[in-house]
Amino acid sequence: MSLTRDAKQLRACLGCLFVQSGNDFLQKGCPNCDQVLQLQQDKVAIQDCTTSQFDGLIAMAQPGQSWVAKWQRIDHRMPGLYAVKVTGSLPAELREQLANER
Ligand SMILES: [Zn+2]
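Parameters at a glance
- Residues numbered from 1 in each chain as written.
- Predicted model: local features only at pLDDT ≥ 70, side-chain atom pairs only at ≥ 80, totals over all residues.
- Heavy atoms only, no water.
- Patch = residues over 30% accessible without salt bridge, like charges linked within 9 Å, V, L, I, M, F, W, Y side chains within 5 Å.
- Areas by Shrake-Rupley, 256 points an atom, 1.4 Å probe, with all protein chains shown as cover.
- Salt bridge = Lys/Arg side-chain N within 4 Å of Asp/Glu carboxyl O.
- Helix = DSSP H or I, 4+ residues; strand = E, 2+ residues; numbered from the N terminus.
- Donors = N, O, S within 2.8 Å, 3.2 Å for Na, K, Ca; no water.
- Tetrahedral: all angles 85-135°; square planar, octahedral: opposite > 155°, others 65-115°.
- Buried < 20%, exposed > 50% of the residue type's maximum accessible area, 1.4 Å probe, protein only.
- Core = buried A, V, L, I, M, F, W, Y, C linked by side-chain atoms within 4.5 Å.
- Contact = heavy atoms within 4.5 Å.
- Pairing = 2+ DSSP bridges.
- Phe/Tyr/Trp six-rings, centres within 6.5 Å; stacked < 30°, edge-to-face > 60°.
- Polar contact = N/O pair within 3.5 Å; in protein donor to acceptor, adjacent residues only side chain to side chain.

1. Looking at a nonpolar patch on the surface
Working step 1: A cluster of nonpolar side chains, Leu-10, Leu-57 and Leu-81, forms an exposed patch at the surface whose accessible area comes to about 220 Å².
Working step 2: As for its position among the elements, Leu-81 is in strand S5 (residues 80–86).

Spelled out as structure tokens, the structure:
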């Protein structure tokens, strides 16, 4: 799959379910987990750590106040769009690192 061709396609971060376009991941990384996943300017990492296979979208505007955020346990995350369910998972090593960060 070419990231360039699919740059505008939405992808979900496998670490936190944050959703934005492949292009945005490339330019900005993931607002929640880039310290660990380091997606910014790294097409290979984006292939490994995000997916275009996801279901449902939740818009979260005010973390901490939304019942959706509490339900999804994402109240400590950046406002934005989140996937409800993703297909795939992070490489085990990165998953552990992310868990340790929190
Ligand atoms: Zn993330």
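2. A look at the coordination of the zinc ion
Working step 1: Taken together, Cys-13 (SG), Cys-16 (SG), Cys-30 (SG) and Cys-33 (SG) make up the protein donors of the zinc ion, found 2.1 to 2.3 Å from the metal.
Working step 2: Seen from the zinc ion, its 4 donor atoms lie at angles of 98 to 115 degrees, and the figure they make is tetrahedral.
Working step 3: In the primary sequence, the donor residues of the zinc ion line up as C-x2-C-x13-C-x2-C. Here Cys-16 is found in the loop between strand S1 (10–13) and strand S2 (18–21), whereas its partner Cys-33 is found in the loop between helix H1 (22–28) and helix H2 (34–37), with 17 residues between them in sequence.
Working step 4: On the basis of relative accessible area, Cys-33 is assigned to the buried category, the value being 1%.

3. Describing the nonpolar core
Working step 1: Formed by 24 residues in total, the largest nonpolar core has its most connected members in Cys-13, Cys-30, Cys-33, Leu-37 and Leu-39.
Working step 2: Those elements that provide at least two residues to this core are S1, S2, H1, H2, helix H3 (43–49), strand S4 (54–60), S5 and helix H5 (92–101).
Working step 3: Element by element, the count of residues in this core is highest for H3, at 3 residues.
Working step 4: Setting aside residues up to four positions removed in sequence, Cys-30 forms contacts with Cys-13, Cys-16, Phe-18, Gln-20, Phe-25 and Leu-39.

4. Some remarks on the sheet that holds strand S3 (residues 50–51)
To summarise the sheet geometry, strands pair through backbone hydrogen bonds and adopt either a parallel or an antiparallel arrangement.
Working step 1: Spatially, S3-S1-S2-S5-S4 is the arrangement adopted by the 5 strands of the open sheet, whose pairing is antiparallel. At either end of the open sheet lies a strand with only one pairing partner, and these are S3 and S4.

5. Some points on the packing of aromatic side chains
Working step 1: In total, this model carries 1 aromatic pair according to the counting rule given.
Working step 2: Ring centres of Phe-18 and Tyr-82 lie 5.4 Å apart, and the angle between their planes is 80 degrees; this geometry places the pair in the edge-to-face category. Of the two residues, Phe-18 is situated in strand S2 and Tyr-82 in strand S5; the sequence distance between them amounts to 64 residues.
Working step 3: Given a relative accessible area of 1%, Tyr-82 falls into the buried group.

6. Structural notes on the side chain of Thr-50
Working step 1: Structurally, Thr-50 can be placed in strand S3.
Working step 2: In this structure the side chain of Thr-50 is engaged in a polar contact, spanning 2.6 Å, whose partner is the side chain of Arg-11.
Working step 3: A distance of 2.7 Å separates the side chain of Thr-50 from the backbone oxygen of Ile-46, its partner in a polar contact.
Working step 4: Setting aside its immediate chain neighbours within four residues, Thr-50 contacts Arg-11, Ala-12, Cys-13, Leu-14, Phe-25, Leu-39 and Ala-45.

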